[in-house]
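Fold and contact review
Now for the letters of each chain:
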Amino acid sequence: IETAAMSNCNGCTSGPGYATPLDAMKGPREKLLYIPCIYTGTEIKKPDYLATVDCDPASTNYGKVIHRLAMPYTNDELHHSGWNACSSCFGDSSKSRNKLVLPSLSSSRVYIIDTGTDPQAPRVFKVVEPEMIKAKAKLSYPHTSHCLANGQVMISAMGDEDGNAKGSFLLLDGKTFDVTGTWEKEGCSPPFGYDFWYQPRHNVMISSEWGVPNLFSKGFNPQHVAEGKYGHTLHVWDWKEHTPLQDIDLGEEGMIPLELRFLHNPDATEGYVACALSGNIMRFYKNKSGTWSAMKVIDIPAKKVEGWALPEMPALIKDLIISLDDRYLYITCWIHGDVRQYDITDTANPKLVGQLFLGGSICNDGSVKVTEDKELKSQPDPLYINGKRVEGGPQMLQLSLDGKRLYVTTSLFSSWDNQFYPKMAKNGSFLVMMDVDTEKGGLTLNKNFYVDFGTEPDGPSLAHEIRYPGGDCSSDIWV
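Just so it is clear, the model here is predicted, and its values are computed rather than measured.

**Remarks on the sheet that holds strand 33 (residues 462-463)**
Reading across from one edge, 3-2-1-33 is the order of the four strands in this open sheet, with antiparallel pairing throughout. If you trace the sheet from one side to the other, it starts and ends with strand 3 (64-70) and strand 33, each paired once.

**Quick notes on the environment of K388**
Along the chain, the position of K388 falls in strand 28 (residues 388-389). As a C-alpha pair, K388 and A85 span 303 residues in sequence and 39 Å in three-dimensional space. Apart from the residues lying within four places of it in its own chain, the contact partners of K388 are L383, N427, F430, D452 and G454. Within polar-contact distance, the side chain of K388 engages the side chain of D452 at 3.0 Å.

**Looking at the nonpolar core**
With 40 residues, the main nonpolar core has L50, M71, I113, W210, I256, W334 and W416 as its most contacted residues. Contributing elements (two or more residues each) for this core: strand 1 (32-38), strand 5 (99-103), strand 6 (110-114) and helix 6 (414-420). Among the elements that make up this core, the one with the highest residue count is strand 1 (three residues).

**Topic: the pairing of strand 13 (residues 204-207)**
Of the two faces of strand 13, both are covered, the one formed by V204 and I206 as well as the one formed by M205 and S207. Strand direction decides the pairing type here: strand 12 (residues 196-199) and strand 13, joined by four bridges, are antiparallel. The residue bridging W197 from the neighbouring strand is I206, located in strand 13. Connecting strand 12 to the next strand, strand 13, in antiparallel fashion are four residues, including N203 with a positive phi near 55°.

**Notes on the pattern of salt bridges**
This model, assessed by the stated rule, comprises 26 salt bridges. Between K296 and E253 there is a salt bridge, with its nearest N and O atoms 3.1 Å apart. With a gap of 43 residues between them, K296 in strand 19 (residues 292-299) and E253 in the loop between strand 15 (243-249) and strand 16 (257-262) connect regions that are remote in the sequence. A residue is classified by how much of its surface remains accessible, and K296, at 33% relative accessible area, is partly exposed.

**Section: the sheet that holds strand 8 (residues 139-147)**
If you trace the four strands from one edge of the open sheet to the other, you get 8-9-10-11, paired in antiparallel fashion. Strands at the two margins of the open sheet, each flanked by one partner only, are strand 8 and strand 11 (179-182). Mean inter-strand twist for the sheet, computed between neighbouring axes without regard to direction, equals 30°. Across six bridges, the pairing between strand 9 (residues 153-160) and strand 10 (residues 165-172) is antiparallel. Each residue of the ladder has a partner; that of I155, found in strand 10, is L170. Lying over the sheet, helix 3 (residues 130-137) contacts strand 8, strand 10 and strand 11, oriented at roughly 45° with respect to strand 11.

**A word on the packing of aromatic side chains**
Here the structure, examined in full by the defined rule, presents 28 aromatic pairs. Here the aromatic rings of F169 and W183 are separated by 5.8 Å at their centres, their planes lie at 85°, and the arrangement is edge-to-face. A residue pair is termed long-range when its members are at least 10 positions apart, and F169 in strand 10 and W183 in the loop between strand 11 and strand 12 qualify at 14 residues. Each member of the pair F169 and W183 is classed as buried. When the ring of F216 is compared with that of F413, the centres are 6.2 Å apart and the planes differ by 65°; the resulting orientation is edge-to-face. Pair noted here: F216 is in helix 4 (residues 213-216) and F413 is in the loop between strand 30 (405-409) and helix 6, with a separation of 197 residues, a long-range link. An identical accessibility class is assigned to F216 and F413; each is buried. The ring of F125 has K99 sitting right over it, with the charged end atom 4.6 Å from the ring centre. The lysine or arginine in question, R109, covers the ring of Y73, its NZ or CZ lying 3.7 Å from the ring centre.

**Let's talk about the pairing of strand 9**
One face of the sheet, then the other: side chains in a regular strand alternate in exactly this way. Of all eight residues in strand 9, eight are buried, a share of seventy percent or more. As paired elements, strand 8 and strand 9 share six bridges and run antiparallel to each other. Residue pairing across strands places L139 opposite D160, the latter belonging to strand 9. The turn linking strand 8 back onto strand 9 is made up of five residues, and G151 within it adopts a positive phi angle of 100°.

**Considerations on the side chain of E270**
Its place among the elements puts E270 in strand 17 (residues 270-275). A distance of 2.7 Å separates the side chain of E270 from the side chain of R283, its partner in a polar contact.

**Thoughts on helix 3**
Three or more residues of helix 3 are buried, namely P130, I133 and A137. In a view along the axis of helix 3, the buried residues occupy a sector of 70°, so they form one face of it. Exposed side of helix 3, more than 90 degrees from the buried face: E131 and A135 are the residues found there. On its buried face, helix 3 sits against strand 6, strand 7 (123-128), strand 8, strand 10 and strand 11. Directly beyond the C-terminal end of helix 3, a positive phi value near 55° is found at K138.

**Digging into the confidence of the model for the protein chain**
The pLDDT averaged across the protein chain works out to 95; a share of 97% of its residues lies at or above 70. A low-confidence stretch, residues 1-12 stays under pLDDT 50, and its non-local contacts, those more than four residues away or across chains, total 23 contacts.

Cut-offs used in this document
Residues numbered from 1 in each chain as written. Predicted model: local features only at pLDDT ≥ 70, side-chain atom pairs only at ≥ 80, totals over all residues. Heavy atoms only, no water. Pairing = 2+ DSSP bridges. Helix = DSSP H or I, 4+ residues; strand = E, 2+ residues; numbered from the N terminus. Contact = heavy atoms within 4.5 Å. Polar contact = N/O pair within 3.5 Å; in protein donor to acceptor, adjacent residues only side chain to side chain. Core = buried A, V, L, I, M, F, W, Y, C linked by side-chain atoms within 4.5 Å. Buried < 20%, exposed > 50% of the residue type's maximum accessible area, 1.4 Å probe, protein only. Salt bridge = Lys/Arg side-chain N within 4 Å of Asp/Glu carboxyl O. Axes fitted to C-alpha atoms, helices over the stretch in contact; angles between N-to-C directions. Phe/Tyr/Trp six-rings, centres within 6.5 Å; stacked < 30°, edge-to-face > 60°. Lys NZ or Arg CZ within 6 Å of the ring centre and 35° of its normal. Arc of directions from axis to C-beta. pLDDT = per-residue confidence, 0-100.

See below:
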C-alpha cells in the first residue's frame, strides 16, 4: 500500500506521491503493473478485465499476471486510467492514492477500482453508470483522468450523449465518485476532445483532439480526415476561470494531436504533443507576451509502400512520455513499429539517441514492400519472443520512476487493431520491457521480462495502458 512504499522516498510523509519530480525519481522500484485488457471488439464475448502483473525481479511470479479483475459488464472497451489522488495532493494527509479511475470508451462507464485494500488483488469499488454521466453532464466516451489538488477527479470526454464530437471535462467527487458536472463553463466546449494536462503555477491547461467518436470507433477512414472529422488543434485554457484562452491550429503538420505532456517541472511553460497522423511531435510553449505557440520539433516521414492500405504509410505516433528529470522524451510509432528516445536537454531541438523496432507493419517477412524510405536502408526484422511473433506495433508506454525501464504494450483500440493488425486480436498482444541507457541514451530489449496476453485463461486479449500503484511518469502532476 502506498503509505509503506512512500516511506522510502526522502521524507514523503504527508499525502500521496512526492514533493517534486526529482524526489519521485528516488522512489522505490515498481513491483506491480495495472493494465486494462480488452475483449471488446474481439471474438471472445467476455468482460474486459484489469490485469495485475508482477514486475518484481525478486518474485517467483516475475513477468506473470497474478490477478485478473473482470468487469461486471461486457462491451466496455477499457482504455486509459488515472488515480483518485497523486502528487498534486502531496502535503494533504487526508488524501491517499488507493482508487484507480478506469473509464470505458464504448460503454461510457467509469469504474472506480480499489487498489489500496489489497494491491495485488484490486476489486471494484464503484461503477459510475453511463446513464448518470449522460444525465448530469450529457457526455460520452470518457478518456483521460487526472486527480485535482482540490480532491476532485477530472476526466476528458470526446463525445456528447449521442456520440457526436464534443470536447468536455467530466468532474467526479473525490470521495463518493458521484458525477458533479463539467469543469468548463457552459458554452465553452471545444469541437473535439482527447487528452489534457494542467500547470497551475501558470494558470493554464492545454487539451488535445482525436475525432468524432461515432466514426473513429468503427475504424479509420482517410476520407473522414478530408471531411474534417478529425482534430488538428490544441486548446489553451484559463485554469482558474475554466474558460478558453486560445486555440493553436496545428494545420496539416499536426493532424490528430493525441497524447499531450507538459514538462514535469511545475515551473515549466512548455511541453509536447504527439500528432499521430502527421507523424510529428509539436512543442508547445508560452511566449513572452503571454500567448502560446507550437512548433514542429520532430518529423518522422511517411514511407512509400506497396501492399498496404495507402501508398504512403504514416508512423502513427500514438504515445509520448517524458522522464521525470525532463531529460528524455519517448514516443511510439504504432504503424512503423519503432520506439524512439530523444534527448530534450535542448527542448526546441530534440536529438534521437535510441531506437528499437518491436513489430509494426514494415517487417521484412510481411506483405508490405517499402519502396522509398528516408530513414531506413532496409526493412526491419520481425520480433519473436519465446518463439512467437509479436503482432501489432509499440503503443502505450510507461517509464520507471528512475527512468531505467520502459514498458510497452502493443494494442491501440480494438476496431483499429482489427483493421491494421487483425492477427493481434486473434493471437493477443504483448507487454515488453526495454532497459534504458540514461547516461548516453539507448534502448535494449530485456528478454527476461514479457507477458504474452495470447495465453490468457479466457483467450487472447488486448492489453493497453500501464499504471504503477505508487504513481508514474504520466499520471502525476506537480502544483
